[in-house]
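Read off the chains here:
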Amino acid sequence: MEYASPPAAAISAAEPNETEAVFAARIAALVGSRLCHDLVSPIGAIGNGVELLQMSTAAAGLDDSPEIALIAEALASARTRIDCFRIAFGAAGQAQRMTQAEFGRLISDLGQGGRSRIVAETEGDLSRGTVKMLLLALMCLETAMPWGAQITIRQTGRAWRLRAIGDRARADPLLWAWLDGGAEELPEPDPSTVHFALLGLELARAGRKADWSVEETGANISF
């Protein structure tokens with residue numbers, strides 16, 4: 001049987017008033033969800049294997065070895081990053097929720113082993129879409145503060161403000177311009193800074209506008 005490409009109108013399942021860029025970001029989010037979903041099982045299996053080794057009598061003393069400690073630390077970091085990427089780069093329906101405690105644990109885990117310390121002041125459960133924007137905003141602040149910072153996430157009703165303070169900051173106006181919209185006029189970001197573009201598109205999709213600033217020793221994002 002021969003198959004032919006469907007007409008363009010059939011391919012575009014975009015929502016009403018959705019731009020081509022936002023639709024593309026939505027498809028990319030589905031890819032991100034698939035990748036993270038498929039990585040969770042093997043990472044978990046490795047973790048189970050390490051735990052079995054630590055409990056095994058045939059491997060007495062292995063629990064205290066620096067090699068096992070290094071593997072366990074790397075596994076914990078990998079699990080946290082996958083949890084973060086699954087939300088930040090994956091599909092996030094507004095009907096999905098995250099409790100305040102779950103969000104607090106995720107933020108705490110992200111701060112472990114990193115150069116930045118993160119404090120979150122939230123009010124109750126959060127929609128998955130909101131958490132997605134917050135994580136992308138955190139990545140933007142980390143890019144601006146590569147030498148580390150103290151980052152505060154503060155909620156006031158529906159409004160959010162993220163503030164990073166450190167010894168010095170690095171600004172790239174073209175990257176930050178993604179948060180202002182007008183994607184068609186901006187250069188394509190590289191993989192290490194794609195979160196700027198994704199945050200701009202997510203804000204547009206949510207009907208929100210970002211205010212941002214980068215100073216000598218800090219950066220801010222509000223939406």
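Refer to the structure presented above.
Remember, predicted model here, so these are calculated numbers, not experimental data.

For the rest of this paragraph, the subject is the overall build of the protein chain. Scanning the protein chain from N- to C-terminus turns up seven helices and seven strands. Reading the protein chain from its N end, one meets helices and strands in the order α-α-α-β-α-β-β-α-β-β-α-α-β-β. Looking at the protein chain residue by residue over its 223 residues, the buried ones come to 37%. Across the protein chain, contacts joining residues at least 24 apart in sequence account for 68% of those joining residues at least 6 apart. Of the accessible surface of the protein chain, which amounts to about 13,000 Å², a share of 56% is contributed by carbon and sulfur atoms.

Bringing helix α5 (residues 128–144) into the picture now. Along its 17 residues, α5 runs 25 Å from first to last C-alpha, staying within 8% of the 24 Å computed at 1.5 Å per residue. Counting buried residues in α5 gives 15 out of 17 residues, a clear majority hidden from the surface.

This part takes up empty space enclosed by the protein. Within the structure shown, the criterion is met by one cavity of 30 Å³ or more. If you add up the space inside the largest cavity, you get close to 50 Å³. What lines the largest cavity is Arg81, Cys84, Leu110, Ile118, Leu135, Leu138, Met139 and Glu142. Among the secondary structure elements, those contributing two or more residues to the lining of the largest cavity are α3 (66–88) and α5. Residue contributions to the lining of the largest cavity peak at four residues, all from α5. In terms of residue class, the lining of the largest cavity is built from six nonpolar, no polar and two charged.

Applying the stated criterion across every chain, the model contains three aromatic pairs. Arranged with centres 5.2 Å apart and planes meeting at 75°, the rings of tryptophan 176 and phenylalanine 196 form a pair that is edge-to-face. Here phenylalanine 196 lies in helix α7 (residues 194–205) and tryptophan 176 lies in helix α6 (residues 173–176), a separation of 20 residues in the sequence. Look at phenylalanine 196 and you get buried, because its relative accessible area is 1%. Put simply, the rings of Trp176, Phe196 and Trp212 pair up and form one aromatic cluster. Against the face of tryptophan 147 rests arginine 168, its NZ or CZ located 3.8 Å from the ring centre.

Looking now at the packing of helix α4 (residues 100–111) against α5. Relative to each other, α4 and α5 sit at 15°, their axes nearing to 13 Å. One finds that α4 runs roughly parallel with respect to α5. Of the two possible hands of crossing, α4 and α5 adopt the one that is right-handed. Contact residues: Phe103, Leu106, Ile107 and Leu110 in α4; Val131, Leu134, Leu135 and Leu138 in α5. Residues of the contact of α4 with α5, tallied by class, amount to eight nonpolar, no polar and no charged.

Let us now look at a nonpolar patch on the surface. On the surface, a cluster of nonpolar side chains totalling about 370 Å² of accessible area is made up of Ile27, Leu30, Val31 and Leu35. Take leucine 30: it is sitting in helix α2 (residues 20–55).

Ranked by size, the top nonpolar core spans 43 residues in total, and within it Leu135, Ile153 and Phe223 carry the most contacts. Within the residue set of this core, elements represented by two or more residues are α3, α4, α5, β4 (150–156), β5 (159–165), α6, α7 and β7 (218–222). Examining the composition of this core, we find that eleven residues originate from one element, α5, more than from any other. Excluding anything up to four places from it in sequence, isoleucine 153 contacts Phe103, Ile107, Ile118, Val119, Ala120, Glu121, Leu134, Leu138, Trp160, Arg161 and Leu162. Among the nonpolar cores identified, the runner-up in size contains five residues, and Ile43, Val50, Ile68 and Ile82 belong to it.

Moving on: the sheet that holds β7. Strand order in the open sheet made by the five strands is β2-β4-β5-β7-β6, with mixed pairing throughout. Pairing within the sheet leaves two strands with one partner each, and these edge strands are β2 (117–121) and β6 (211–214). Sheet twist, expressed as the average angle between the axes of neighbouring strands with direction ignored, equals 10°. Of the strand pairs in this sheet, β4 and β5 are connected by seven bridges, and their pairing is antiparallel. Within β5, the residue paired with isoleucine 153 across the bridge is leucine 162. Along the sheet, α4 contacts β2 and β4; its crossing angle with β2, the most-contacted strand, is approximately 165°. Along the sheet, α5 makes contact with β2, β4, β5 and β7, crossing β5 at roughly 20°.

Quick notes on the rules
- Residues numbered from 1 in each chain as written.
- Predicted model: local features only at pLDDT ≥ 70, side-chain atom pairs only at ≥ 80, totals over all residues.
- Heavy atoms only, no water.
- Helix = DSSP H or I, 4+ residues; strand = E, 2+ residues; numbered from the N terminus.
- Buried < 20%, exposed > 50% of the residue type's maximum accessible area, 1.4 Å probe, protein only.
- Contact = heavy atoms within 4.5 Å.
- Areas by Shrake-Rupley, 256 points an atom, 1.4 Å probe, with all protein chains shown as cover.
- Expected span 1.5 Å × (residues − 1).
- 1 Å grid on protein atoms, 1.4 Å probe; cavity = no way out; pocket = protein on both sides within 12 Å on 5 of 7 lines; lining within 4 Å.
- Points joined across faces, edges and corners; volume = space filled by probe spheres on them.
- Nonpolar A, V, L, I, M, F, W, Y, C, P; charged D, E, K, R; others polar.
- Phe/Tyr/Trp six-rings, centres within 6.5 Å; stacked < 30°, edge-to-face > 60°.
- Lys NZ or Arg CZ within 6 Å of the ring centre and 35° of its normal.
- Axes fitted to C-alpha atoms, helices over the stretch in contact; angles between N-to-C directions.
- Parallel < 35°, antiparallel > 145°, perpendicular 65-115°, else oblique.
- Left-handed = near helix turned anticlockwise from the far one by under 90°.
- Patch = residues over 30% accessible without salt bridge, like charges linked within 9 Å, V, L, I, M, F, W, Y side chains within 5 Å.
- Salt bridge = Lys/Arg side-chain N within 4 Å of Asp/Glu carboxyl O.
- Core = buried A, V, L, I, M, F, W, Y, C linked by side-chain atoms within 4.5 Å.
- Pairing = 2+ DSSP bridges.

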